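Secondary and tertiary structure notes
Here's the letter readout for the chains.
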Amino acid sequence: MNTRLKILNATKWTGNIKFITGMLIFLFGIKSDFSPVIGIGIGTIIGAVVFFLMGMFFIATEEMVENTSKGIEIPPVKPRNGLYLVKK
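So, here is what we can say about the structure in this document. The structure displayed is predicted, hence computed values, not measured ones.

The rules behind these values
Residues numbered from 1 in each chain as written. Predicted model: local features only at pLDDT ≥ 70, side-chain atom pairs only at ≥ 80, totals over all residues. Heavy atoms only, no water. Axes fitted to C-alpha atoms, helices over the stretch in contact; angles between N-to-C directions. Helix = DSSP H or I, 4+ residues; strand = E, 2+ residues; numbered from the N terminus. Parallel < 35°, antiparallel > 145°, perpendicular 65-115°, else oblique. Left-handed = near helix turned anticlockwise from the far one by under 90°. Nonpolar A, V, L, I, M, F, W, Y, C, P; charged D, E, K, R; others polar. Contact = heavy atoms within 4.5 Å. Buried < 20%, exposed > 50% of the residue type's maximum accessible area, 1.4 Å probe, protein only. Expected span 1.5 Å × (residues − 1). Phe/Tyr/Trp six-rings, centres within 6.5 Å; stacked < 30°, edge-to-face > 60°. Salt bridge = Lys/Arg side-chain N within 4 Å of Asp/Glu carboxyl O.

**A word on the packing of helix α1 (residues 2-32) against helix α2 (residues 35-67)**
At a minimum axis distance of 7 Å, the contact between α1 and α2 shows a crossing angle of 170 degrees. Considered as vectors, α1 and α2 are oriented roughly antiparallel to each other. Crossing handedness for the pair α1 and α2: left-handed. Residue classes in the contact of α1 with α2 are distributed as 18 nonpolar, 10 polar and six charged.

**Examining the side chain of Thr11**
Position of Thr11 relative to the elements: it lies in helix α1. Excluding residues within four positions of it along the chain, Thr11 makes contact with Phe51, Phe52 and Gly55.

**Considering the environment of Gly55**
Mapped onto the secondary structure, Gly55 falls in helix α2. By relative accessible area, which is 8% here, Gly55 ends up buried. With 47 residues separating them along the chain, Gly55 and Leu8 place their C-alpha atoms 7.0 Å apart.

**Digging into α2**
Between its terminal C-alpha atoms α2 stretches 48 Å, which fits the 48 Å expected from 33 residues at 1.5 Å a residue. All of the buried residues in α2 are Val37, Gly41, Thr44, Ile45, Gly47, Ala48, Gly55 and Ile59. As for α2, its buried residues are in contact with α1.

**Comments concerning the packing of aromatic side chains**
All told, the structure shown has one aromatic pair when counted by the stated rule. Aromatic side chains Phe57 and Phe58 sit 6.2 Å apart centroid to centroid with 50 degrees between the ring planes, which places their arrangement in the tilted category. When sorted by exposure, Phe57 lands in the same class as Phe58, which is exposed.

**Overview of the pattern of salt bridges**
A full pass over the atoms with the stated rule returns one salt bridge. Between Arg4 and Glu63 there is a salt bridge, with the nearest N and O atoms lying 2.7 Å from each other. Here the residue Arg4 occupies a position in helix α1, and Glu63 occupies one in helix α2, the gap between them amounting to 59 residues. For Arg4, a relative accessible area of 7% gives the class buried. Assessed through its relative accessible area of 30%, Glu63 is described here as partly exposed.

Pasting the structure below:
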């Protein structure tokens, strides 16, 4: 649980810093009426959201892999000639 909490905190901090930076760039672009800066600000905001969601996805995936039962191992069918049987 400790590693997941560290990943979550790192994702939150980095996402928040990137989001705030994007908002400042976006607001500066609106204030100065400079359209390329507005696009960069919007892209930075969207990048922050994607970064946060990707971090959450990694945490959820790690949780699912850790808590999933592995099941029963089934040995492959081996005919007498030594080759594995391929079912189509």
